[in-house]
Amino acid sequence: MSENILEIRHLGKSFGTHEVLRDIDFTVKKGDVISIIGASGSGKSTLLRCVNLLETPSSGQILYHGTDVAGRGVNAPEYRSHVGMMFQSFNLFNNMSVLKNCMVGQMKVLKRSKEEARQQALKYLEKVGMAPYINAKPRQISGGQKQRVA
Ligand SMILES: Nc1ncnc2c1ncn2[C@@H]1O[C@H](COP(=O)(O)OP(=O)(O)O)[C@@H](O)[C@H]1O
Ligand SMILES: [Mg+2]
């Protein structure tokens, strides 16, 4: 049986009287790639924001490796060093190169050395076809390319 990374149990979220999420239930196992598809305004971003602790669920549980992270007493910065989120508006640093954009978070948040951050950045930039653009600034690449850098 493969390991459960994330378990969403009976998750609900309302903004005032507007119920956006009701009884959402799914499990993400190690190695899974999951797509959440729905009409604009149906609650996809709200769901992901709940998983990243950017919104507080109104009901239900979010279990990360079996621990409920929606409850009190969770160290949010520590949790977010394991659970990443890429936003629709990706906000790259315009004054930094593609490579530097991919290094800075690793160094500041994950406390990786400059060299390790560089190696990781190069590995993943290569994987998404962005190796030829490592010295480009965000304004010199397309929207889709920026999304890949993010
Ligand atoms: N902070 C908020 N306050 C009030 N309503 C919100 C807030 N965030 C999202 N909503 C509402 O929740 C619904 C779902 O939004 P969202 O999760 O962004 O949808 P999706 O990402 O699927 O397009 C929308 O009706 C939106 O107006
Ligand atoms: Mg959205």
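Residues numbered from 1 in each chain as written. Chains lettered and ligands numbered in written order. Predicted model: local features only at pLDDT ≥ 70, side-chain atom pairs only at ≥ 80, totals over all residues. Heavy atoms only, no water.

Draft legend 1. Region of interest: the domain arrangement of the chain. Along its sequence, the chain is organised into domain 1 (4–76) and domain 2 (98–149). In this structure, domain 1 and domain 2 have C-alpha centres spaced 28 Å apart. (Domains from an automatic or database assignment.)

Draft legend 2. A look at helix H1 (residues 44–51). Listed as buried for H1 are Thr 46, Leu 47, Cys 50 and Val 51. Along the axis of H1, the buried residues cluster in a sector spanning 140°; they form a single face. In this structure, the buried residues of H1 make contact with strand S1 (4–15), strand S2 (18–29), strand S3 (59–64) and helix H2 (76–80). Two residues or fewer after H1 comes Leu 53, characterised by a positive phi angle close to 65°. (Buried < 20%, exposed > 50% of the residue type's maximum accessible area, 1.4 Å probe, protein only. Helix = DSSP H or I, 4+ residues; strand = E, 2+ residues; numbered from the N terminus. Arc of directions from axis to C-beta. Contact = heavy atoms within 4.5 Å.)

Draft legend 3. Molecular detail of the packing of helix H3 (residues 98–108) against helix H4 (residues 114–127). Remark: H3 packs on H4, axes separated minimally by 8 Å, with the N-to-C direction vectors making an angle of 125°. Classified by the angle between their axes, H3 and H4 sit oblique to one another. Pair H3 / H4 crosses with right-handed handedness. Mapping the contact onto sequence places Val 98, Leu 99, Cys 102, Met 103, Gln 106 and Met 107 in H3 and Lys 114, Glu 116, Ala 117, Arg 118, Gln 120, Ala 121, Leu 122 and Leu 125 in H4. Of the residues contributing to the contact of H3 with H4, the split by class is nine nonpolar, two polar and three charged. (Axes fitted to C-alpha atoms, helices over the stretch in contact; angles between N-to-C directions. Parallel < 35°, antiparallel > 145°, perpendicular 65-115°, else oblique. Left-handed = near helix turned anticlockwise from the far one by under 90°. Nonpolar A, V, L, I, M, F, W, Y, C, P; charged D, E, K, R; others polar.)

Draft legend 4. Representation of the site of ligand 1 within the structure. Surveying the vicinity of ligand 1 reveals the residues Phe 15, His 18, Val 20, Ala 39, Ser 40, Gly 41, Ser 42, Gly 43, Lys 44, Ser 45, Thr 46 and Glu 55. In this structure, Gly 41 approaches ligand 1 through a main-chain N or O atom, which is 2.7 Å from an oxygen atom. In the model, an oxygen atom of ligand 1 is placed 2.6 Å from a nitrogen or oxygen of the Thr 46 side chain. Calculation on ligand 1 without its partners gives an accessible area of 560 Å², and the protein chains cover 59% of this total. Secondary structure elements with two or more residues in the shell around ligand 1: S2 and H1. Here the shell around ligand 1 is built from residues that sort into three nonpolar, seven polar and two charged. (Near = heavy atom within 4 Å. Polar contact = N/O pair within 3.5 Å; in protein donor to acceptor, adjacent residues only side chain to side chain. Areas by Shrake-Rupley, 256 points an atom, 1.4 Å probe, with all protein chains shown as cover.)

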